[in-house]
Amino acid sequence: MPTAEEIIAALDLKPHPIEGGYFRETYRSERTIRGASLPPGYPPDAVRSHGTSIYYLLTSKTFSEMHRLPTEEVFHVYLGGPARMLQIHPDGEAREVILGSDILAGESPQVIVPPGIWQGTMLEPGVEFILLGATMAPGFDYADYEQGSCAALTAAFPAHAGRIAPLTRT
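Residues numbered from 1 in each chain as written. Predicted model: local features only at pLDDT ≥ 70, side-chain atom pairs only at ≥ 80, totals over all residues. Heavy atoms only, no water.

### Here's the deal with empty space enclosed by the protein
Logical step 1: The tally for this structure, following the rule as stated, stands at 1 cavity of 30 Å³ or more.
Logical step 2: There is about 30 Å³ of room inside the largest cavity.
Logical step 3: Looking at the largest cavity, the residues that line it are E19, Y56, L58, S64, F75, M85, L99, T121 and L132.
Logical step 4: Residue composition of the lining of the largest cavity, grouped by class: 6 nonpolar, 2 polar and 1 charged. (1 Å grid on protein atoms, 1.4 Å probe; cavity = no way out; pocket = protein on both sides within 12 Å on 5 of 7 lines; lining within 4 Å. Points joined across faces, edges and corners; volume = space filled by probe spheres on them. Nonpolar A, V, L, I, M, F, W, Y, C, P; charged D, E, K, R; others polar.)

### Here we look at the environment of A83
Logical step 1: Turning to its location among the elements, A83 is positioned in strand β8 (residues 83–88).
Logical step 2: When its relative accessible area of 0% is taken as the criterion, A83 is described as buried.
Logical step 3: Note: C-alpha distance between A83 and E124 (41 residues apart in sequence) is 5.1 Å.
Logical step 4: When near neighbours in sequence (up to four residues on either side) are disregarded, A83 contacts V97, I98, L99, T121, M122, L123, E124 and I130. (Helix = DSSP H or I, 4+ residues; strand = E, 2+ residues; numbered from the N terminus. Buried < 20%, exposed > 50% of the residue type's maximum accessible area, 1.4 Å probe, protein only. Contact = heavy atoms within 4.5 Å.)

### A closer look at the sheet that holds strand β11 (residues 118–123)
Logical step 1: Sheet architecture is open: 5 strands sit in the order β9-β8-β11-β6-β13, paired in antiparallel fashion. A strand with exactly one partner marks an edge of an open sheet, and here the two such strands are β9 (94–99) and β13 (146–147).
Logical step 2: Taken together, the 6 bridges between β8 and β11 define a ladder with antiparallel strand orientation. Each bridged residue has a counterpart across the sheet, and for L86 the counterpart in β11 is G120. (Pairing = 2+ DSSP bridges.)

### Considering the packing of aromatic side chains
Logical step 1: This model, assessed by the stated rule, comprises 2 aromatic pairs.
Logical step 2: Between Y55 and Y78 the ring centres are 6.0 Å apart and the planes differ by 75 degrees, which places this aromatic pair in the edge-to-face class. In this pair, Y55 is assigned in strand β5 (residues 52–59) and Y78 in strand β7 (residues 73–80), connecting sequence segments 23 residues apart.
Logical step 3: Between F140 and Y142, the ring centres sit 5.0 Å apart and the planes meet at 85 degrees, which makes this aromatic pair edge-to-face.
Logical step 4: The side chain of R169 reaches across the aromatic face of F63, ending 4.2 Å from its centre. (Phe/Tyr/Trp six-rings, centres within 6.5 Å; stacked < 30°, edge-to-face > 60°. Lys NZ or Arg CZ within 6 Å of the ring centre and 35° of its normal.)

### Concerning a nonpolar patch on the surface
Logical step 1: There is a patch of nonpolar side chains on the surface, built from M1, Y78 and L79 and spanning about 340 Å² of accessible area.
Logical step 2: You can see M1 is positioned in the segment before α1 (4–10). (Patch = residues over 30% accessible without salt bridge, like charges linked within 9 Å, V, L, I, M, F, W, Y side chains within 5 Å. Areas by Shrake-Rupley, 256 points an atom, 1.4 Å probe, with all protein chains shown as cover. Salt bridge = Lys/Arg side-chain N within 4 Å of Asp/Glu carboxyl O.)

### So, the sheet that holds strand β1 (residues 14–15)
Logical step 1: One open sheet accounts for 6 strands, arranged β1-β2-β5-β12-β7-β10; its pairing is antiparallel. With partners counted over all chains shown, the strands left at the sheet margins are β1 and β10 (110–113), one partner each.
Logical step 2: Across 4 bridges, the pairing between β7 and β10 is antiparallel. What sits directly across from E73, in β10, is V113.

### Let's talk about the layout of surface pockets
Logical step 1: Each pocket or cavity is described by its volume, and for the largest pocket that value is around 240 Å³.
Logical step 2: Along its surface, the largest pocket is lined by 19 residues, and H16, F23, I54, F140 and Y142 are the ones closest to its centre.
Logical step 3: For the lining of the largest pocket, a count of residues per class yields 10 nonpolar, 4 polar and 5 charged.

As structure tokens, then:
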């Protein structure tokens, strides 16, 4: 199996400027959706691509910080793993999902994050990397990315403070 560094080089991945990990956008639809035709949670004057897709790689030194988006995000496992994703719903219900390819061990090779759900992901101990794909429709736009701070998320969801802290930078 290739190393994380070899995959980063081969796929020309770059450090994610906000979330952590490494990524490269591989698809952005030229078609757009405007304002009132977008799902709830978007500004009325927003214009978004029909869909986007990226490669996304986490290493043992990176994690995907807690954040939320206004639409579904679908993750696909390509190589490596497993990684543990924390999802926290607005009502405080939390769910942990293991992204990975060992289906018989309960790992999920495809995970869907519903809109408006706080999410963060880190590798399981001893794992070198996981290479994922992430697909969104409407497409991803940095204007929609809401970063979660440890203080705000812990105040809102105190029962999950111990799981939130390792997945936040601020």
